[in-house]
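Residue-level structural notes
Here are the chains, one letter per residue:
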Amino acid sequence: DVKVTQSSRYLVKRTGEKVFLECVQDMDHENMFWYRQDPGLGLRLIYFSYDVKMKEKGDIPEGYSVSREKKERFSLILESASTNQTSMYLCASGVLDPDTQYFGPGTRLTVL
Amino acid sequence: GNSVTQMEGPVTLSEEAFLTINCTYTATGYPSLFWYVQYPGEGLQLLLKATKADDKGSNKGFEATYRKETTSFHLEKGSVQVSDSAVYFCALSSQGGSEKLVFGKGTKLTVNP
């Protein structure tokens, strides 16, 4: 079975802190994704990566950056956390043909 | 651009009732279509998928048929159980090399005993 793990299930941070969310997949997938999930808005894509050291902006990249130094690991970085970044963050890895994605359990981040 | 529209929830049913969750899409070309499910406190799981017109995806008693003429991919189950309570997301993946999925906003289903 595909396994996607995220470093924390729950995280509480203060405004202005630098926040790292880590995601690891064990299926050698090329593609990895970061989404945020908010009530009434569904899932919105923040960033994605097709390969090591490669990244592309999704629909809402502002205030976020990412890092992919190894194929199995994709990190989401909040350079200076703000209260409007309080959300559920979901990581996924995926394959083509067709574009099936496998999700981690999510990190619920609260920024105070 | 590509988009997915799902029926608004929440949906509340009694056990053994028939379920339909409507999903329509707008896309260029021939997208692949998906239903994902999110159980309370968990991430999304792929429930079923269909890759071309008239394909039927099925899993765990759920079914959805890819209808190109009506641009729809409605989710159905003949007899729901309490354990089906979850949020259901319809999604599409467009042809042409894009690996991005476009999701609907989700429909919350609650099944009462």
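Residues numbered from 1 in each chain as written. Chains lettered and ligands numbered in written order. Predicted model: local features only at pLDDT ≥ 70, side-chain atom pairs only at ≥ 80, totals over all residues. Heavy atoms only, no water.

1. Quick look at the packing of aromatic side chains
Working definition: an aromatic ring pair is given by the centre-to-centre distance plus the angle between the planes. Throughout the structure, instances matching the rule amount to 13 aromatic pairs over all chains. With a centroid separation of 6.4 Å and 90° between ring planes, the pair formed by Phe89 of chain B and Phe103 of chain B is classed as edge-to-face. Remark: Phe103 of chain B occurs in strand 11 (residues 101–103) and Phe89 of chain B occurs in strand 10 (residues 86–93); sequence separation between them is 14 residues. In this pair, the class of Phe89 of chain B matches that of Phe103 of chain B, namely buried. By way of ring pairs, the aromatic residues Phe33, Tyr35, Phe48, Tyr50 and Phe103 of chain A together with Phe34, Tyr36, Phe89 and Phe103 of chain B are connected into one cluster. (Phe/Tyr/Trp six-rings, centres within 6.5 Å; stacked < 30°, edge-to-face > 60°. Helix = DSSP H or I, 4+ residues; strand = E, 2+ residues; numbered from the N terminus. Buried < 20%, exposed > 50% of the residue type's maximum accessible area, 1.4 Å probe, protein only.)

2. Some remarks on the side chain of Ser85 of chain B
Residue and element names in this part refer to chain B. As for its position among the elements, Ser85 is in the loop between strand 9 (75–77) and strand 10. One polar contact links the side chain of Ser85 to the main-chain amide nitrogen of Val111, over a distance of 2.9 Å. Setting aside anything within four residues of it in sequence, one finds Ser85 in contact with Tyr39, Pro40, Leu109, Thr110 and Val111. (Polar contact = N/O pair within 3.5 Å; in protein donor to acceptor, adjacent residues only side chain to side chain. Contact = heavy atoms within 4.5 Å.)

3. Details of the nonpolar core
As a rule of thumb, soluble globular proteins bury nonpolar side chains together. Trp35, Leu47, Leu48, Phe73, Leu75 and Tyr88 of chain B are the most contacted members of the largest nonpolar core, which has 26 residues in total. Of all the secondary-structure elements, those providing two or more residues to this core are strand 2 (11–14), strand 3 (19–21), strand 4 (23–26), strand 5 (32–38), strand 6 (44–50), strand 8 (62–65), strand 10 and strand 12 (107–112) of chain B. Residue contributions to this core peak at 4 residues, all from strand 10 of chain B. The next biggest cluster of nonpolar side chains, apart from the first, holds 20 residues, and it includes Leu21, Phe74, Cys91 and Val111 of chain A. (Core = buried A, V, L, I, M, F, W, Y, C linked by side-chain atoms within 4.5 Å.)

4. With respect to the sheet that holds strand 1 (residues 4–6) of chain A
Residues and elements named next belong to chain A. Strand order across the open sheet formed by 4 strands is 1-3-8-7, with antiparallel pairing between neighbours. A single partner strand is all that each edge strand has here, and the edge strands are strand 1 and strand 7 (65–70). Pairwise comparison of adjacent strand axes, ignoring direction, gives a mean angle of 20° for this sheet. With 4 bridges joining them, strand 7 and strand 8 (residues 73–78) adopt antiparallel strand pairing. Pairing of Ser65 across the sheet is with Ile77, part of strand 8. (Pairing = 2+ DSSP bridges. Axes fitted to C-alpha atoms, helices over the stretch in contact; angles between N-to-C directions.)

Take it as geometry only, folks, not as evidence of what the structure does.
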